[in-house]
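The primary structure of each chain is shown beneath.
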Amino acid sequence: MKQKISIIGSTGSIGTQALEVIEALGNDRFEIYGLAAGGNTELLNKQIKKFRPKKVYASKNIESVDFKKVLSGEDGLEEIASDRENDIVLMAVSGRWGLKPTLAAIRNGIDIALANKETLVMAGDIVMGEAKANNVKILPVDSEHSAIHQCIKNLADVSKLIITASGGPFLNKSSYDMAHSDIKQVLNHPRWKMGRKITVDSATLMNKGLEVIEAHHLFDIDYNNIEVVIHPQSVVHSAVEYKDGSVIAQLGMPSMHIPIQYAITYPERFEGIESKSFSFTDIARLDFLKPDFDKFPCLKLALEVGRSGGSAPVVMNAANEEAVYAFLDGVIGYNDIYTVVEKICKDFGTISLNGIDDIFELDNEVRAKTKALLPGVEIV
Ligand code: MG
């Protein structure tokens, strides 16, 4: 029987690759029930024509969408994600807007293929608690979490998660070069082609810090038992160590098609677009290094913030997003991203939160404070 899937963020990097995966799987595996996009209605229209969804959402330019009734606004996004017709929803939208629709879908018992980082970073305890209560699967799309998901059999026997990081474009650059790098250099990721925000986060290694926080929630593992290892070839996507000393790793050539496909077809496997035979001898060598916390202070900060828990990851995530967009807009320099985020984290400290509304209220407050700070940042 065909599975009904909705893709939230269908015109983004993960969304478009997911549609390629679904197309390659053939007509009898999935039915595209819903497509939700931002302002790229030209691409959305092409997707509507090709996949004939039953529901369509657009956050902007609704009048230019070729569909009879286009959903919009916060309620519209929740409606398309939580529609009980869905068997699975791919949450591929980036930013905080992924959180509420994900929770709404979980509460309606719909499995989630999760590519949205903010969902677990901002509200990991709430989201995982609701998933458990509603017997819903949270299937990770990110390559590292997909790898861990594939390597974990019995959680009780796991002693450590080993999360790999390519090291990004600045792995072998000096601190001087990093401080003086422009947007083009930051966006020049050596291994992965991704959206602009996550590519900046991959240069600062903030992305890896966010992934550690996600892994802590997804797999219910203490921060002391999660290790980050730099692995420039991006062939070992992550690994799990068991209490007997055995380590199981998941390997493959870097391609997001594979983890996307695994998340939506779990527990089945199919030949996919980029499934080709793997050769250890072609790769010849795999390197592993300890992360340099002095060169990548965002990673150190994120690990501390994760440990603090509660409101701390909400604050860091919001400040980081605002700082990254300010960098992309040319308002601040590369090093200022850390300076700004660290200052905001210190200013806010840890406060008590009661539910999703508190989280969003804090998120808004942090963004306003970060924006107010930005123009005054001394660019070094
Ligand atoms: Mg990743």
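A short tour of the structure in this document, coming up.

**Some thoughts on the pairing of strand β1 (residues 3-8)**
Stage number 1. Examined bridge by bridge, β1 and strand β2 (residues 30-37) share 6 bridges and lie parallel to one another. Counted as the bridge partner of Ser6 is Gly34 from β2.
Stage number 2. Relative to strand β5 (residues 88-91), β1 is paired through 4 bridges, and the arrangement is parallel. Bridge assignment links Ser6 to a residue of β5, and that residue is Val89.

**Focus on the packing of helix α4 (residues 99-107) against helix α5 (residues 117-133)**
Stage number 1. Contact pair α4 / α5: the axes reach a minimum separation of 10 Å and the direction vectors enclose 10°. As far as their axial angle goes, α5 and α4 are roughly parallel. Between α4 and α5, the contacting residues are Leu99, Thr102, Leu103, Ile106 and Arg107 on the first element and Thr119, Met122, Ala123, Ile126, Val127, Glu130 and Ala131 on the second.

**Notes on a nonpolar patch on the surface**
Stage number 1. On the surface, Met253, Phe278 and Phe280 cluster together into a nonpolar patch covering about 310 Å² of accessible area.
Stage number 2. Structurally, the position occupied by Met253 is in the loop between β11 (247-251) and α11 (257-265).

**Re the sheet that holds β5**
Stage number 1. Spatially, the 7 strands line up as an open sheet ordered β4-β3-β2-β1-β5-β6-β7, and their pairing is parallel. Where the open sheet ends on each side, the last strands, each with one partner, are β4 (70-71) and β7 (138-140).
Stage number 2. In the packing of α4 onto the sheet, the strands contacted are β5, β6 (111-114) and β7, and the crossing angle to β6 comes to about 150°.
Stage number 3. Across the face of the sheet, α11 comes into contact with β1, β2, β5, β6 and β7 while running at roughly 165° to β7.

**Digging into the environment of Ile152**
Stage number 1. Mapped onto the elements, Ile152 comes out in the loop between α6 (143-151) and β8 (158-165).
Stage number 2. Along the chain, Ile152 and Gly349 lie 197 residues apart, while their C-alpha atoms are 34 Å from each other.
Stage number 3. Among residues more than four places away in sequence, those in contact with Ile152 are Val158, Leu161, Phe219, Val240 and Tyr242.

**A look at the side chain of Thr11**
Stage number 1. By secondary structure assignment, the location of Thr11 is in the loop between β1 and α1 (13-25).
Stage number 2. Among the residues examined, Thr11 registers a relative accessible area of 18% and is labelled buried.
Stage number 3. If sequence neighbours within four positions are ignored, Thr11 has contacts with Thr16, Ala37, Gly38, Asn40, Leu43, Leu44 and Gln47.

Basis of the calculations
- Residues numbered from 1 in each chain as written.
- Predicted model: local features only at pLDDT ≥ 70, side-chain atom pairs only at ≥ 80, totals over all residues.
- Heavy atoms only, no water.
- Pairing = 2+ DSSP bridges.
- Helix = DSSP H or I, 4+ residues; strand = E, 2+ residues; numbered from the N terminus.
- Axes fitted to C-alpha atoms, helices over the stretch in contact; angles between N-to-C directions.
- Parallel < 35°, antiparallel > 145°, perpendicular 65-115°, else oblique.
- Contact = heavy atoms within 4.5 Å.
- Patch = residues over 30% accessible without salt bridge, like charges linked within 9 Å, V, L, I, M, F, W, Y side chains within 5 Å.
- Areas by Shrake-Rupley, 256 points an atom, 1.4 Å probe, with all protein chains shown as cover.
- Salt bridge = Lys/Arg side-chain N within 4 Å of Asp/Glu carboxyl O.
- Buried < 20%, exposed > 50% of the residue type's maximum accessible area, 1.4 Å probe, protein only.

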